[in-house]
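If you want the building blocks of each chain, they are given just below.
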Amino acid sequence: VAGRVWQSGEALIINDYDAWEGRPAAAAQLGETIRSCMGVPLKSGDNVVGVLGIAYVDPGPKFGQNEVELLGRFAQLASIALDNARLFSVAREARLRAEEANQRITDQNRMLESLSTKLSKYLSPQVYASIFTGRQSVEISSRRKKLTIFFSDIADFTETTDRLES
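Residues numbered from 1 in each chain as written. Predicted model: local features only at pLDDT ≥ 70, side-chain atom pairs only at ≥ 80, totals over all residues. Heavy atoms only, no water.

Q: Please give an account of the sheet that holds strand S1 (residues 12-14) that cites residues and values.
A: As summarised here, the arrangement of the three strands in space is S1-S2-S3, forming an open sheet in which the pairing is antiparallel. The open sheet has two free edges, formed respectively by S1 and strand S3 (47-56), since each of these has just one partner strand. Taking each pair of neighbouring strands and ignoring which way they run, the sheet shows an average axis angle of 15°. Two strands pair when backbone bridges link them, and S1 and strand S2 (residues 36-44) are joined in this way by three bridges, in the antiparallel orientation. For Leu 12, the partnering residue across the bridge sits in S2 and is Gly 39. On top of the sheet, helix H3 (residues 65-120) reaches S1, S2 and S3; it is set at about 35° to S2, its chief contact. (Pairing = 2+ DSSP bridges. Helix = DSSP H or I, 4+ residues; strand = E, 2+ residues; numbered from the N terminus. Axes fitted to C-alpha atoms, helices over the stretch in contact; angles between N-to-C directions. Contact = heavy atoms within 4.5 Å.)

This is how it looks when you write it as structure tokens:
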């Protein structure tokens, strides 16, 4: 029954299961006592994702359109609950990935701040400010320039610089 409902995507009512042509031959040998049954598809959009069924073992009651509509509505609610559970799971995974990415960015920002602070000790405040405010582009490149180098010897310069801050 579930296989037929799954394949067709439509509700199926069987009020005489013993006479139904789809009944497995082995069912009679197992002493099966189902008298009537019905199944409705659980759908997610247009796709069947499951089957909801109900059966009577007593010979008296039979299923009609009212029962199919009731079980169909229940199946719709169950499908909505399954879709919500899937969406919740996807949203939770997306949130976890976003939190991990945010943590990596925070860690990288801390590392860059630390590097920036260390670099500031070796640059003049004006050069540091122009680099980190974006006014000056920083590239590692080489180019030729005319340069004048002046060498001089100042008395006690080495001893004086050893006592001064960088």
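Now that the structure has been shown, the text picks up again.
Q: Tell me what's going on with the packing of aromatic side chains, and back it up with residues and numbers.
A: In the structure shown here, the tally under the stated rule is two aromatic pairs. Between Tyr 56 and Phe 63, the aromatic rings sit 4.6 Å apart at their centres with planes inclined by 15°, giving stacked as the arrangement. Judged by its relative accessible area of 28%, Tyr 56 falls in the partly exposed class. (Phe/Tyr/Trp six-rings, centres within 6.5 Å; stacked < 30°, edge-to-face > 60°. Buried < 20%, exposed > 50% of the residue type's maximum accessible area, 1.4 Å probe, protein only.)

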